[in-house]
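Chain and residue survey
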Amino acid sequence: MRSRPEFFAAREELLGPTALVPTMGALHAGHVALIDAAVRTNESTVVSIFVNPLQFGPSEDFARYPRTLDADLEACRAGGANLVWAPQVEDVYPGGPMRTIVDPGPLGVELEGASRPGHFAGVLTVVAKLFGVVRPATAYFGEKDYQQLVLIRQMATDLDLHVGVVGVPTVREPDGLALSSRNAYLSPTERTQATALSRALMAGQRAAVFGPEAVRTAAAVLLAAEPEVHLDYLELRGEDLGPLPRDGAARLLVAARIGTTRLIDNVPVVFGAKP
Ligand code: PAF
């Protein structure tokens, strides 16, 4: 269903604690894992499908972002979702351009935010609106967009939204490539080159037993060996994306361009642990 009144009426019928899985559609096995996690632990599950113009820069891929509504609806049904909201832009932003925008704070201009100005303000604003419309007890997001997950957690805490934010591990192709709707843009050659990202991250993970410098070097060496992968950043940070802790858990993150496609990926890193 699309319109707000239709959605509100159907939402009233849902039983018990309700989960929300916000998506931009073009659903793949990564989204199915989110729906599955939500359905397994909640009475009712709502999936939203909305390509949010507010989070795309003027030169980004809003217009060509894959839109596969019929297949998406079928994936939601097969996954056991109780309700799908696939609004139009005017259903989400009925008042036209937003006057109130959620500021993601300092982390919003680092990593992805450095290359995509305004992106996280657009993400947080639409997620806050989806929380307001759907009123979920819990919401599910993929760890693939790790910075997004951290910022949504930050927003839920800072604004006392009373929504539990659950991160679901990244789903990968057998060769390690993280599932992403943007993988559809890759040519067969680029698709092969793109595995350098996950290969680098996993090499970094394996080097964790030797400390942070070894992690960075192992990943960087692998990326440098693939000249068609144009690195934006390779960073090792704390789990909350703050400074690297002296020991314990960290996150290794990468962003790179292959042809005209920008891909991101990340893995957990535990220092001192044998891979
Ligand atoms: O991760 C996404 O698909 C989007 O950023 C989200 C969270 C649905 C907000 O538009």
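Shown above is the structure to which this text applies.
Now for a look at the structure at hand. From a predicted model like this one, the values you see are computed outputs, not experimental measurements. (Residues numbered from 1 in each chain as written. Predicted model: local features only at pLDDT ≥ 70, side-chain atom pairs only at ≥ 80, totals over all residues. Heavy atoms only, no water.)

Moving on, we get to the sheet that holds strand β2 (residues 44-49). Taken in spatial order, the five strands of this open sheet run β3-β2-β1-β4-β5, and their pairing is parallel. Where the open sheet ends on each side, the last strands, each with one partner, are β3 (83-85) and β5 (164-168). Across the sheet, the mean angle separating the axes of adjacent strands is 25 degrees when strand polarity is ignored. The pairing of β2 with β3 spans three bridges and is parallel. Bridge pairing in β3 links Ser48 to Trp85. Contacts from helix α1 (residues 4-12) reach β1 (18-23), β2 and β3, with the element oriented near 160 degrees to β3. Contacting β2 and β3, helix α3 (residues 69-79) runs over the sheet at an angle of about 170 degrees to β2. (Pairing = 2+ DSSP bridges. Helix = DSSP H or I, 4+ residues; strand = E, 2+ residues; numbered from the N terminus. Axes fitted to C-alpha atoms, helices over the stretch in contact; angles between N-to-C directions. Contact = heavy atoms within 4.5 Å.)

Attention now goes to the packing of aromatic side chains. Throughout the structure, instances matching the rule amount to five aromatic pairs. Aromatic pair Phe56 and Phe62: ring centres 5.4 Å apart, planes at 65 degrees, arrangement edge-to-face. On the accessibility criterion, Phe56 (11% relative accessible area) is buried. By relative accessible area, which is 27% here, Phe62 ends up partly exposed. Clustering of aromatic rings is evident, with ring pairs tying together Phe7, Phe8 and Trp85. Here the basic side chain of Arg64 rests over the ring of Tyr185, its NZ or CZ set 4.0 Å away from the ring centre. One Lys or Arg, Arg67, reaches over the ring of Phe62 and ends 4.9 Å from the middle of that ring. (Phe/Tyr/Trp six-rings, centres within 6.5 Å; stacked < 30°, edge-to-face > 60°. Buried < 20%, exposed > 50% of the residue type's maximum accessible area, 1.4 Å probe, protein only. Lys NZ or Arg CZ within 6 Å of the ring centre and 35° of its normal.)

As a rule of thumb, non-glycine residues mostly have phi less than zero, and peptide bonds are mostly trans rather than cis. If you check the backbone angles, His162 has positive phi at about 55 degrees while not being a glycine. Positionally, His162 belongs in the loop between α7 (146-158) and β5. Accessibility expressed as a relative area gives 70% for His162, which makes it exposed.

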